[in-house]
Each structure stands twice: as structure tokens, then as C-alpha cells.
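Chains, contacts and geometry: an overview
Listed below, chain by chain, are the residues.
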Amino acid sequence: SAVSHDLRTPLARLRFGIDILSDTQDPKALEEHQQHLSADIDEMQNLVEVLLDYSKLEQSMVAVNKKPVDLIQLLNECIQHRQAQGLSIYLKTASETALVSGEKQYLKMLLNNLLVNAVEHSNGQVIVELNCLKAHCDINIHDNGAGVAQEHRQKILKPFVRGEIKSNNKGYGMGLAIADRIAQWHQGTIYIKQSPILHGALFQIQLPLTFLHP
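Not measured: the values here are computed from a predicted model.

1. Examining the sheet that holds strand 6 (residues 189–194)
Taken together, five strands build an open sheet; the order of strands is 2-4-5-7-6 and the sheet is mixed. On the outer flanks of this sheet lie strand 2 (89–93) and strand 6, each paired with one strand and no other. Across the sheet, the mean angle from the axis of one strand to that of its neighbour is 20°, orientation sign disregarded. Bridge count for strand 6 against strand 7 (residues 201–208) is six bridges, and the pairing is antiparallel. When the bridges of strand 7 are listed, I190 appears paired with I205. Its contacts with the sheet put helix 4 (residues 104–121) on strand 2, strand 4 (126–132), strand 5 (136–143), strand 6 and strand 7, and the angle it makes with strand 5 is roughly 25°. Taken strand by strand, helix 5 (residues 175–185) contacts strand 6 and strand 7, and its axis lies near 130° from that of strand 6.

Here it is in C-alpha cells:
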């Protein structure tokens, strides 16, 4: 249903634009309508590419080669990249290492998708906490935005469902869906709550820890 809606909108604009082109004689107006048609085609192409990427992700994770990954090191890499862009993101943890069994590339994608989501819906501040317990670790991503209403918390983890926090929200609603699927492939879970620290949204990723014996 969501995909059909995203396809119908540019298709309808294309049909309308083609009809206008046939009645347009002014060269300037003609060029303007052609640019609109080109933009609609680009939008449809982007949607198809998102669908293909998601399909490839599904296939590639079936036989993922899992290795020990240090979450603290990975989190620092992701956060430092965002800080280099001038964003306010900080990591709080009492642990020195947090090893999980997984594929670093996809775990990085998971963390980046959730960090991007937090930044987009924040009012300028994001805090990341890492808490290691006996058998698992919790990665808590807090933001100071409007939060996520209770009735939307499970919906926004599904493909092609956009958050309703901001009216100008762009994209196809795939970032959180991909993050959720990667978490599942690593025997993890994503929980959405209200942040007790920044009073916006709290995205909590719970992943099982890996214990290495000498």
C-alpha cells in the first residue's frame, strides 16, 4: 500500500505534466514543465533503487559472516563523523569494551541510520549511552525533539512508514526499517520510548554480548 502510494504520486504528476506539454507553446514554460517531468522521473527511480537495495540487504544478510565487533569503537567512529559535521552528539559509557558477534558494515549501518533519525528529529542535541549488562548491552540514543507518540512506535519500524514528527519529513521511511531488520539478524531488538534525559525520543538497541575465552 505504501509503495503504491509513493509510485502513484509521481505517476499522476507525470501524466498531468505530459498533458500540459501538448498544450504549451511558450519555450520558457515548456522548459519549466520538462524540468518538473525530469524531477518526477528521478523520484520514481530513487524509489525503485531503495526497493532494490532493501532486497539486496535481505539476501546478503542470510549468509552474513559474523565476527567480534567492538561497539564502543564503532559508536565512536559514527559519532565522530557526525561531530565533524558540527552536530551535538555525545557518548556516555562506563565500559571499556563491548564485543558483539556481527558484521561490522551492517552494524555501522544500523547505528548510522538511528543517529541520522535522531539528529533529523531533534532540536540540536543527541546523547548516546552504552550500558553493558551480564549477557547483553543497551545502546540508548536520546534526542531533545518532540518524541514518538505511543501509537506510532511500532509502525515506524516497518518499511515505507514515515515518522509523523515533522511535516516536512522526506525519504521513503526505510532507514528505521533497515535498522530494525539488521538488529533482528544480530539477535537484537529495537525499543522506542521517551527519553528521561532529553525528554524527546529514546531509541534503545539491545544486542547480546560476545564473551571471548583465551
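2. Section: helix 5
Turning to helix 5, its buried residues number three or more, namely L176, A177, I178, A179, D180, I182 and A183. Backbone geometry just downstream of helix 5 places Q187 in the positive-phi region, at approximately 55°.

3. Focus on the packing of helix 3 (residues 71–83) against helix 4
Two elements in contact, helix 3 and helix 4, have axes whose closest approach is 10 Å; the angle formed by their N-to-C orientations is 45°. Accordingly, the angle class assigned to the pair helix 3 and helix 4 is oblique. At the point where helix 3 passes helix 4, the crossing takes the right-handed sense. The residues of helix 4 that touch helix 3, namely those facing L74, L75, E77, C78, I79 and R82, are K104, L107, K108, L111, N112, L115 and V116. Partitioning the contact of helix 3 with helix 4 into residue classes produces eight nonpolar, one polar and four charged.

4. Focus: the environment of G145
You can see G145 is positioned in the loop between strand 5 and helix 5. The exposure class of G145 is buried, given its relative accessible area of 12%. For G145 and L198, which are 53 residues apart along the polypeptide, the C-alpha to C-alpha distance reads 8.1 Å.

5. What about the environment of L130?
Within the secondary structure layout, L130 lies in strand 4. As a C-alpha pair, L130 and K92 span 38 residues in sequence and 6.4 Å in three-dimensional space. In this structure, L130 is in contact with L71, I72, L75, L91, K92, T93, A94, A98, D138 and I139, ignoring residues within four places of it in sequence.

6. What to know about the packing of aromatic side chains
In this structure the tally under the stated criterion is zero aromatic pairs. Sitting above the plane of the Y191 ring, K193 keeps its charged end 5.7 Å from the centroid.

7. Points about helix 4
End to end, helix 4 covers 26 Å across 18 residues, agreeing with the expected 26 Å (1.5 Å per residue, within 8%). Taken residue by residue, helix 4 has Y106, L107, L110, L111, N112, N113, L114, L115, N117, A118 and H121 as its buried positions. Where helix 4 starts, the residue carrying a side-chain oxygen 2.7 Å from the main-chain nitrogen of Q105 turns out to be E103.

Each value, and the rule that gives it
- Residues numbered from 1 in each chain as written.
- Predicted model: local features only at pLDDT ≥ 70, side-chain atom pairs only at ≥ 80, totals over all residues.
- Heavy atoms only, no water.
- Pairing = 2+ DSSP bridges.
- Helix = DSSP H or I, 4+ residues; strand = E, 2+ residues; numbered from the N terminus.
- Axes fitted to C-alpha atoms, helices over the stretch in contact; angles between N-to-C directions.
- Contact = heavy atoms within 4.5 Å.
- Buried < 20%, exposed > 50% of the residue type's maximum accessible area, 1.4 Å probe, protein only.
- Parallel < 35°, antiparallel > 145°, perpendicular 65-115°, else oblique.
- Left-handed = near helix turned anticlockwise from the far one by under 90°.
- Nonpolar A, V, L, I, M, F, W, Y, C, P; charged D, E, K, R; others polar.
- Phe/Tyr/Trp six-rings, centres within 6.5 Å; stacked < 30°, edge-to-face > 60°.
- Lys NZ or Arg CZ within 6 Å of the ring centre and 35° of its normal.
- Expected span 1.5 Å × (residues − 1).
- Polar contact = N/O pair within 3.5 Å; in protein donor to acceptor, adjacent residues only side chain to side chain.

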